[in-house]
Amino acid sequence: MLEVKKRLLIIDGIVNLLLGVLLLLFPFGLAPILGVPVPSNHFYPTILGAVLFGIGVALLIDAYGYQHGIRGLGIAGAIVINFCGAMVLILWLLFNSLNIPLRGYIILWTIAIVVLAVGLIELISRTWEQ
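The structure displayed is predicted, hence computed values, not measured ones.

The rules behind each value
Residues numbered from 1 in each chain as written. Predicted model: local features only at pLDDT ≥ 70, side-chain atom pairs only at ≥ 80, totals over all residues. Heavy atoms only, no water. 1 Å grid on protein atoms, 1.4 Å probe; cavity = no way out; pocket = protein on both sides within 12 Å on 5 of 7 lines; lining within 4 Å. Points joined across faces, edges and corners; volume = space filled by probe spheres on them. Helix = DSSP H or I, 4+ residues; strand = E, 2+ residues; numbered from the N terminus. Nonpolar A, V, L, I, M, F, W, Y, C, P; charged D, E, K, R; others polar. Expected span 1.5 Å × (residues − 1). Buried < 20%, exposed > 50% of the residue type's maximum accessible area, 1.4 Å probe, protein only. Contact = heavy atoms within 4.5 Å. pLDDT = per-residue confidence, 0-100. Axes fitted to C-alpha atoms, helices over the stretch in contact; angles between N-to-C directions. Parallel < 35°, antiparallel > 145°, perpendicular 65-115°, else oblique. Left-handed = near helix turned anticlockwise from the far one by under 90°. Salt bridge = Lys/Arg side-chain N within 4 Å of Asp/Glu carboxyl O.

Turning our attention to the layout of surface pockets. It is a probe the size of a water molecule, rolled over the atoms, that shows where empty space is left. Of the voids in this model, the largest pocket is the one considered here, and its volume is about 900 Å³. Only helix H1 (3–24), helix H3 (43–65), helix H4 (75–95) and helix H5 (102–125) provide two or more residues apiece to the lining of the largest pocket. At 8 residues, the largest contribution of residues to the lining of the largest pocket is made by H4. Residues belonging to the lining of the largest pocket are distributed by class as follows: 28 nonpolar, 3 polar and no charged.

Pasting the structure below:
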């Protein structure tokens with residue numbers, strides 16, 4: 001496996017793991033601390049957290065299991081997930097009134113930009129073609 005592809009899988013995996021952990025912690029009062037919208041029910045944020053955490057694990061499996069014939073999510077799937085997630089978050093931030101403090105907007109814009117940037121770097125690197 002190319003080193004660039006492995007590094008991108010690791011970076012993307014870590015980003016997904018961190019976002020997953022953040023969402024899994026929503027029932028413990030993390031949303032008010034971050035200044036992001038507080039859901040009336042924590043079911044969906046925690047399910048999304050579990051999915052993102054699973055995506056992170058799948059990316060790391062692909063990065064480290066390749067030489068043993070073990071496949072995970074793969075870089076092409078990661079690109080699609082990153083673009084979908086980042087674009088939906090950006091659309092929410094641009095066109096919906098979230099009624100959150102400035103720190104919430106800063107955190108959400110940072111997440112959107114980081115996820116979009118990782119997807120763009122993966123796309124530009126063209127490692128998905130190999």
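Taking 1.5 Å of rise per residue, 24 residues should cover 34 Å, and H5 covers 34 Å from first to last C-alpha, within 8% of that figure. Turning to H5, its buried residues number three or more, namely Gly104, Leu108, Ala112, Val115, Val118, Gly119 and Glu122. Those residues of H5 that are buried are in contact with H1, helix H2 (30–34) and H4. At the exit of H5 stands Arg126, carrying a positive phi of roughly 60°.

Note that predicted coordinates carrying low pLDDT should not be read in detail. Counting all residues, the mean pLDDT for the chain is 84, and 96% of those residues have values of 70 or more. Within the chain, H2 has the poorest average pLDDT of any element, 82, and H5 the best, 90.

Structurally, Asn82 is set in helix H4. Contacts of Asn82, omitting those with residues within four sequence positions, involve Asp12, Asn16, Val115, Val118, Gly119 and Glu122.

Their axes nearest at 11 Å, the elements H1 and H5 cross at an angle of 160°. Taken together, H1 and H5 sit at an angle that is classed as roughly antiparallel. Seen along the crossing, H1 lies across H5 with a hand that is left-handed. Counted together, Val4, Leu8, Ile11, Asp12, Val15 and Leu19 of H1 and Ile111, Val114, Val115, Val118, Ile121, Glu122 and Ser125 of H5 form the full contact between these two elements. Of the residues contributing to the contact of H1 with H5, the split by class is 10 nonpolar, 1 polar and 2 charged.

Under the criterion given, the structure shown has 1 salt bridge. When the shortest N-O distance is used, the salt bridge between Asp62 and Arg71 registers 3.0 Å. Asp62 gets classed as buried once you look at its relative accessible area, which sits at 0%.

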